Amino acid sequence: QVQLVESGGGLVQAGGSLRLSCAASGRTFSSNVMAWFRQAPGKDREFVAAITWRGGSTYYADSVKGRFTISRDNAKATVSLQMNSLKPEDTAVYYCAAGQNIGVVPTTYDYWGQGTQVTVSS
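Keep in mind it's a predicted model, so treat the numbers as computed, not measured.

A.B. asks: For the overall build of the protein chain, give the residues involved together with the corresponding values.
C.D. replies: The secondary structure content of the protein chain amounts to zero helices and 11 strands. If you list the helices and strands of the protein chain from N to C, you get β-β-β-β-β-β-β-β-β-β-β. Taking 14 Å as the expected radius of gyration for a compact globule of 122 residues, we find that the protein chain reaches 13 Å, a close match to that expectation. The principal-axis extents of the C-alpha atoms in the protein chain amount to approximately 40 × 30 × 25 Å. Taken across its 122 residues, the protein chain has 42% of its residues classed as buried. Sequence-distant contacts, at least 24 apart, represent 55% of the contacts inside the protein chain between residues at least 6 apart. Total accessible area on the protein chain stands at roughly 6100 Å², and carbon and sulfur atoms take up 48% of it. If the 11 positive side-chain charges of the protein chain are averaged to one point and the 8 negative ones to another, these points end up 6 Å apart.

A.B. asks: Just give me the short version of the nonpolar core, but keep the residues and values in it.
C.D. replies: Among the nonpolar cores identified, the biggest contains 36 residues, and M34, W36, L81, M83 and Y94 are the most heavily contacted of them. Breaking this core down by element, the ones donating at least two residues are β1 (2-7), β3 (18-26), β4 (33-39), β5 (46-52), β7 (68-73), β8 (78-83), β9 (92-99) and β11 (116-121).

A.B. asks: Tell me about unusual backbone geometry, and name the residues and values.
C.D. replies: At A77, a position not held by glycine, the phi torsion is positive, near 55°. For A77, a relative accessible area of 16% translates into the label buried. Even without being a glycine, S85 presents a positive backbone phi close to 50°. Tracing the sequence through the fold places S85 in the loop between β8 and β9.

A.B. asks: Please provide a residue-by-residue account of the pattern of salt bridges, values included.
C.D. replies: Here the structure, examined in full by the defined rule, presents four salt bridges. A salt bridge links R38 to E46; the shortest N-O distance between them is 2.6 Å. For R38, a relative accessible area of 6% gives the class buried. Given a relative accessible area of 35%, E46 falls into the partly exposed group. In this structure, the salt-bridge partner of K65 is D62, at a minimum N-O distance of 3.1 Å.

What counts and what doesn't
Residues numbered from 1 in each chain as written. Predicted model: local features only at pLDDT ≥ 70, side-chain atom pairs only at ≥ 80, totals over all residues. Heavy atoms only, no water. Helix = DSSP H or I, 4+ residues; strand = E, 2+ residues; numbered from the N terminus. Rg over C-alpha atoms; globule rule 2.2 N^0.38 Å. Buried < 20%, exposed > 50% of the residue type's maximum accessible area, 1.4 Å probe, protein only. Contact = heavy atoms within 4.5 Å. Areas by Shrake-Rupley, 256 points an atom, 1.4 Å probe, with all protein chains shown as cover. Lys, Arg positive; Asp, Glu negative; His and termini not counted. Charge placed at Lys NZ, Arg CZ, Asp CG, Glu CD. Core = buried A, V, L, I, M, F, W, Y, C linked by side-chain atoms within 4.5 Å. Salt bridge = Lys/Arg side-chain N within 4 Å of Asp/Glu carboxyl O.

Encoded structure:
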């Protein structure tokens, strides 16, 4: 089992920045990939970014490329998502996920955090 706890959400004005963190514990060595997804009200959960524990390869959704940066700290077993130039359409609950493989669909991942709310006002 892997436990994931997100933090760092909040309310920010358009154009502002937020940094989300995800702390992993438990059998973290059983997962190769960490990812962020988000879900806005009435919409499906969508892929935001992913990173591999080994090598640190990164992947981004087109909608956040150039604005968001995913990073990891292997020693602390944490993954962060730096979000810059935020837009109202970035408003959603953001979830941290862990799994074996890179994927853009939620079913790719085995473990999920409880989510953290990000609200961007116009």
